[in-house]
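These are the residues of each chain, in order.
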Amino acid sequence: YPYKSGIYYFFTSLILLSLSLPLALILGLLSGIIFEPLKAIIIVSFSSSIAATMGMLISRYFFRDFLKERYKNQYEIINNGFMTNGIYYLFALRMTPIFPYFLINLLSGLTTIKVIPYYLTSQLGMLPMSIIIIFLGKGLDEIILSNAKIDTEFLILLSLVGVLPLFFRLLFKKILN
């Protein structure tokens with residue numbers, strides 16, 4: 001049941017990520033194993049962006065004071081970035097996983113960012129890393145099925161997971177300064 005499995009996966013992912021559980025990497029890899037790449041990209045991209053927005057709203061309206069105290073140092077860094085660079089700062093955070101995505105969602109709820117720009121920026125900013133993670137999942141599936149033969153494409157994708165955040169961090173550092 002390919003359509004039902006996609007719908008179940010979408011809503012399961014949406015619920016888990018909306019609760020700001022740090023499962024995005026595992027769910028992304030799993031989607032690469034279960035689904036064809038295009039279907040996985042669509043499911044992961046929309047479920048994670050909607051969940052990020054829901055997580056941000058939950059933190060904004062239910063856990064504001066608790067989170068502000070618990071993550072005081074990280075909040076100050078993120079809030080100062082939002083104050084000086086606005087939505088571009090969120091885009092930079094999404095492109096370079098300096099902080100885990102769930103923490104960005106929680107702490108963004110403490111800022112005054114508007115919902116629609118937050119969603120759209122999250123959708124666009126998380127897409128490159130989501131694609132890489134999905135293809136890593138696809139590579140893991142092939143490795144498991146072929147008795148652990150690791151190919152060059154898988155090693156390149158694995159390297160991108162490590163190098164891409166550094167590249168974008170340097171790029172956005174130059175742009176924002």
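The rules behind each value
Residues numbered from 1 in each chain as written. Predicted model: local features only at pLDDT ≥ 70, side-chain atom pairs only at ≥ 80, totals over all residues. Heavy atoms only, no water. Helix = DSSP H or I, 4+ residues; strand = E, 2+ residues; numbered from the N terminus. Buried < 20%, exposed > 50% of the residue type's maximum accessible area, 1.4 Å probe, protein only. Contact = heavy atoms within 4.5 Å. Axes fitted to C-alpha atoms, helices over the stretch in contact; angles between N-to-C directions. Parallel < 35°, antiparallel > 145°, perpendicular 65-115°, else oblique. Left-handed = near helix turned anticlockwise from the far one by under 90°. Core = buried A, V, L, I, M, F, W, Y, C linked by side-chain atoms within 4.5 Å. Phe/Tyr/Trp six-rings, centres within 6.5 Å; stacked < 30°, edge-to-face > 60°.

Despite not being glycine, Ser20 shows a phi value in the positive range, around 60°. Looking at the element boundaries, Ser20 is found in the loop between helix H1 (2-18) and helix H2 (24-34).

It is worth spelling out the side chain of Thr121 at this point. By the element assignment, Thr121 lies in helix H8 (residues 115-145). Judged by its relative accessible area of 11%, Thr121 falls in the buried class. Those residues in contact with Thr121 that sit more than four places away from it in its chain are Ile87, Leu90, Phe91 and Arg94.

All right, on to the packing of H1 against helix H3 (residues 37-62) then. Close contact between H1 and H3 brings their axes to 8 Å; oriented N to C, the two are set at 30°. One element, H1, and the other, H3, form an angle in the roughly parallel class. Considering the relative orientation of H1 and H3, their crossing is right-handed. Residue-level contacts link Pro2, Tyr3, Ser5, Gly6, Tyr9, Phe10, Ser13, Leu14, Leu17 and Ser18 of H1 to Lys39, Ile43, Phe46, Ser47, Ser48, Ile50, Ala51, Met54, Gly55 and Ile58 of H3.

Counting residues in each nonpolar core, the largest one holds 22 residues, and the members touching the most others are Ile78 and Leu107. Discounting residues that sit within four places of it in the chain, Leu107 has contacts with Leu67, Tyr71, Gln74, Tyr75 and Ile78. Within the second largest apolar cluster, twelve residues are counted, among which are Leu14, Leu27, Ile43 and Ile134.

If you trace the backbone, Ser31 turns up in helix H2. Not counting chain neighbours up to four residues away, the residues in contact with Ser31 comprise Tyr9, Ala40, Val44 and Ile134.

Take the packing of aromatic side chains next. By the definition in use, this model includes three aromatic pairs. Between the aromatic rings of Tyr9 and Phe35, the centroid separation amounts to 5.3 Å while the plane-to-plane angle is 80°, which identifies the pairing as edge-to-face. Of this pair, Tyr9 sits in helix H1 while Phe35 sits in the loop between H2 and H3, and the two are 26 residues apart along the sequence. The exposure class assigned to Tyr9 is buried, which follows from its relative accessible area of 9%.

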